[in-house]
Amino acid sequence: MFGGGQEFDRLVRQYDLLIRKWIAQVRGLREPDECRQIALIALWEAARRYQPEKGPFPAYAQAVVRGRLLSELRRRRRREARFVSTDPALLETAAPAHVVQDGLWLDETMRTLSKREKQWVQAALVHDLPTAAIAELYGVSQDTVRSWKKSAIKKLRAKRENIRPDA
């Protein structure tokens, strides 16, 4: 259906203002050049996958591009949440008191987890691996990984309630 090259250049020129609008609508995304690249790749994929019998292209392109931008925003927020420094000296000079307390809470809580629970936290939360990949990585069943998750989350919640009952 979609050729590429000059055809895509024409499509980009045609949708340039809409792409800018879609990027602006997704609050929280910075780095405009990177966002534009994400949007252009999504537009290219939308053009390649478009099926005319399912509706007009502009609506489909908007759904694909905005969806990709929102996914990128969620990915970045998850990553930022996972990679917060817990060094008390750094946090005391660069962050409000509640962030320092949360960082200390994280350090203290991680010490209460078993080796397997820590492995789950590392693989699932830091590296964003799905259950099947974690099971394969450690040579265990998916049910075993789910039990690590369940016990880790239970401990994390219990610890959180003890330290910050208002949260």
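Up top is the structure.
Parameters and conventions
- In this convention, every chain numbers its residues from 1, walking through the sequence in written order.
- In keeping with the predicted nature of the model, local features appear solely for residues at pLDDT of at least 70, side-chain atom pairs appear and are counted solely at 80 or more, and the whole-chain, interface and lining totals rest on all residues.
- To get the side-chain values, all heavy atoms of the structure are used, and hydrogens and water are removed first.
- Salt bridges are identified by distance alone: a Lys or Arg side-chain nitrogen within 4 Å of an Asp or Glu carboxyl oxygen.
- Think of it this way: any DSSP run of H or I at least four residues long counts as a helix, any run of E at least two long counts as a strand, and we number them from the N terminus.
- Burial classes: relative accessible area under 20% of the type maximum marks a residue as buried, over 50% as exposed, and values in between as partly exposed (1.4 Å probe, protein chains only).
- Identification of polar contacts relies on pairs of N or O atoms within 3.5 Å, with a donor-acceptor requirement for protein atoms, meaning one able to donate a hydrogen and the other able to accept it, and with residues adjacent in sequence counted only if both atoms are side-chain atoms.
- For this analysis, a nonpolar core means a set of buried residues of the types Ala, Val, Leu, Ile, Met, Phe, Trp, Tyr and Cys, connected via side-chain atoms within 4.5 Å.
- Any two residues whose heavy atoms approach within 4.5 Å are treated as being in contact.
- In summary, the pairing rule links any two rings of Phe, Tyr or Trp, Trp by its six-membered ring, whose centres are within 6.5 Å, and it sorts them by plane angle into stacked for under 30 degrees, edge-to-face for over 60 and tilted for everything else.

**Q** Give me the lowdown on the pattern of salt bridges, citing residues and values where you can.
**A** Overall, the coordinates contain eight salt bridges when judged by the stated rule. A salt bridge links R20 to D16, with the shortest nitrogen-to-oxygen separation between them at 3.0 Å. With a gap of four residues between them, R20 and D16 both fall in helix α1 (residues 6-25), about one helical turn apart. With its nearest N and O atoms 2.6 Å apart, the salt bridge here joins E45 to R68. Of this pair, E45 sits in helix α2 (residues 32-49) while R68 sits in helix α3 (residues 57-82), and the two are 23 residues apart along the sequence.

**Q** Tell me about the side chain of E72, and please be specific about residues and values.
**A** Mapped onto the secondary structure, E72 falls in helix α3. With relative accessibility at 12%, the residue E72 sits in the buried group. Looking at E72, its side chain comes within polar contact range of the side chain of R75, at 2.6 Å. A polar contact is formed between the side chain of E72 and the side chain of R76, at a distance of 2.8 Å.

**Q** I'd like a rundown of the nonpolar core, residues and numbers included.
**A** In terms of nonpolar packing, the biggest core is built from 24 residues, with I19, L43, F57 and L69 touching the most fellow members. Sorting the residues of this core by element identifies α1, α2 and α3 as the ones contributing at least two each. Sort the elements by how many residues they give to this core and α2 lands first, with eight residues. Excluding anything up to four places from it in sequence, L43 contacts F8, L11, V12, Y15, I19, F57, A61 and V65. Counting residues in hydrophobic clusters, the runner-up holds 10 residues, among them W120, A135, V145 and A152.

**Q** Go over the packing of aromatic side chains, please, and point to the residues and values.
**A** Taken as a whole and judged by the stated rule, the model has four aromatic pairs. With 5.6 Å between their ring centres and 80° between their planes, Y15 and F57 make a pair best called edge-to-face. Pair noted here: Y15 is in helix α1 and F57 is in helix α3, with a separation of 42 residues, a long-range link. Just as Y15 is buried, F57 falls in that class too. Summarising the aromatic geometry, the rings of Y138 and W148 are spaced 5.8 Å apart at their centres and angled 70° between planes, so their arrangement reads as edge-to-face. Residue Y138 is located in helix α7 (residues 131-138), and its partner W148 is located in helix α8 (residues 142-163); the two are separated by 10 residues in the primary sequence.

**Q** Describe the environment of R30, listing the residues and the values that go with them.
**A** Structurally, the position occupied by R30 is in the loop between α1 and α2. Along the sequence, R30 and L73 sit 43 residues apart, while their C-alpha atoms lie 9.3 Å from each other. Once residues lying within four places of it in the same chain are set aside, the contact partners of R30 are C35, R76 and E80.

**Q** Now, about the environment of R20: what can you tell me, with residues and values included?
**A** Measuring from C-alpha to C-alpha, the distance between R20 and R36 comes to 7.8 Å, with 16 residues separating the pair along the chain. A distance of 3.0 Å separates polar atoms of two side chains, one belonging to R20 and the other to D16.

Interpretation in functional terms is not warranted from these geometric data alone.
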